[in-house]
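Below, each chain spelled out in residue letters.
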Amino acid sequence: MSLNTLTKIRNLLNDAGTAFREVQHEPTRTSEESAAARGEALSIGAKALLLRTDDVFRLFVLPADRKLDSTAIRRHLGARKTRFATVEELDRLVGLVPGAVPPFGEPILPFQIYADESVGVENDRVAFNAGSLTHSIIMAASDWAAIAKPRRFRFAK
């Protein structure tokens, strides 16, 4: 399904008439490895994390050089518990492995998407693994925000 996700992203961006650059690289497992493989600063990376908030899975996107503030997420959503999706849940829900999750909810992934307020504000572009550990996409941050339509609040530290 991972290449299917990549194809869906390509189609979504092409249908929107959005310029993007695709980079094929060695498999990367961390944000640091991905940034190096793309030749981009770590802060350009749009790190997408699937979290279970109480009983609902949601996608959270933050700059790759920042850490997730789960307390801010619980407070904003009124949730009692948050945790990362397990490897098994990620595979079952979307057929992806950790590190391959792209920063897109519907129609790419079946989740509500939230972005930290700083994504696309401090940098003019975003870069992300596109449903694969070997394919990245780099695009204008404003185009990503217009297509992904994330709900925004501060949850990166």
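Data block above holds the structure.
Residues numbered from 1 in each chain as written. Predicted model: local features only at pLDDT ≥ 70, side-chain atom pairs only at ≥ 80, totals over all residues. Heavy atoms only, no water.

Chemist: Would you mind showing me how to read the sheet that holds strand β6 (residues 125-129) here?
Modeler: Hydrogen bonds along the backbone pair up the strands of a sheet, which may run parallel or antiparallel. Taken in spatial order, the three strands of this open sheet run β1-β7-β6, and their pairing is antiparallel. Each edge of the sheet is formed by a strand with only one pairing partner; in this case those strands are β1 (20-24) and β6. The mean inter-strand angle of the sheet, taken between neighbouring strand axes irrespective of direction, is 20 degrees. Sheet analysis places β1 next to strand β7 (residues 135-140), joined by five bridges and oriented antiparallel. If you follow Glu 22 over to β7, its bridge partner there is Ile 137. Along the sheet, helix α2 (residues 31-38) contacts β1, β6 and β7; its crossing angle with β6, the most-contacted strand, is approximately 115 degrees. Where helix α5 (residues 141-148) meets the sheet, its contacts fall on β6 and β7, and the angle it forms with β7 comes to roughly 100 degrees. (Pairing = 2+ DSSP bridges. Helix = DSSP H or I, 4+ residues; strand = E, 2+ residues; numbered from the N terminus. Axes fitted to C-alpha atoms, helices over the stretch in contact; angles between N-to-C directions. Contact = heavy atoms within 4.5 Å.)

Chemist: It is not clear to me how the layout of surface pockets should be interpreted in this structure. Could you clarify?
Modeler: Rolled over the atoms, a probe as big as a water molecule pinpoints where empty space is left. Roughly 470 Å³ of internal volume is contained in the largest pocket. Looking at the largest pocket, it is lined by 25 residues, and the ones nearest its centre are Lys 47, Ala 48, Leu 49, Pro 98 and Gly 99. Contributions of two or more residues to the lining of the largest pocket are made by α2, β2 (46-53) and β6. For the lining of the largest pocket, the element with the most residues is β2, which contributes five residues. (1 Å grid on protein atoms, 1.4 Å probe; cavity = no way out; pocket = protein on both sides within 12 Å on 5 of 7 lines; lining within 4 Å. Points joined across faces, edges and corners; volume = space filled by probe spheres on them.)

Chemist: How should I be thinking about empty space enclosed by the protein in this particular structure?
Modeler: What the rule picks out here adds up to one cavity of 30 Å³ or more. By volume, the largest cavity is sized at about 50 Å³. Considered class by class, the residues forming the lining of the largest cavity number five nonpolar, five polar and one charged. (Nonpolar A, V, L, I, M, F, W, Y, C, P; charged D, E, K, R; others polar.)

Chemist: Would you mind showing me how to read the environment of Thr 7 here?
Modeler: For Thr 7, the position within the fold is in helix α1 (residues 2-15). We classify Thr 7 as partly exposed; its relative accessible area is 34%. In sequence terms Thr 7 and Gln 112 are 105 residues apart; their C-alpha atoms lie 21 Å from each other. (Buried < 20%, exposed > 50% of the residue type's maximum accessible area, 1.4 Å probe, protein only.)

Chemist: I keep staring at the sheet that holds strand β8 (residues 151-153) and nothing clicks. Help me out?
Modeler: A sheet is described by the order of its strands in space; here five strands give the open sequence β4-β2-β3-β5-β8, paired in mixed fashion. Every other strand in the sheet has two partners, leaving β4 (82-84) and β8 as the edge strands with one partner each. Strand-to-strand twist of the sheet, defined as the mean angle between neighbouring strand axes without regard to direction, takes the value 35 degrees. Where β2 lies against β4, three bridges are found, and the strand directions are antiparallel. Bridge pairing links Arg 52 to Arg 83 in β4.

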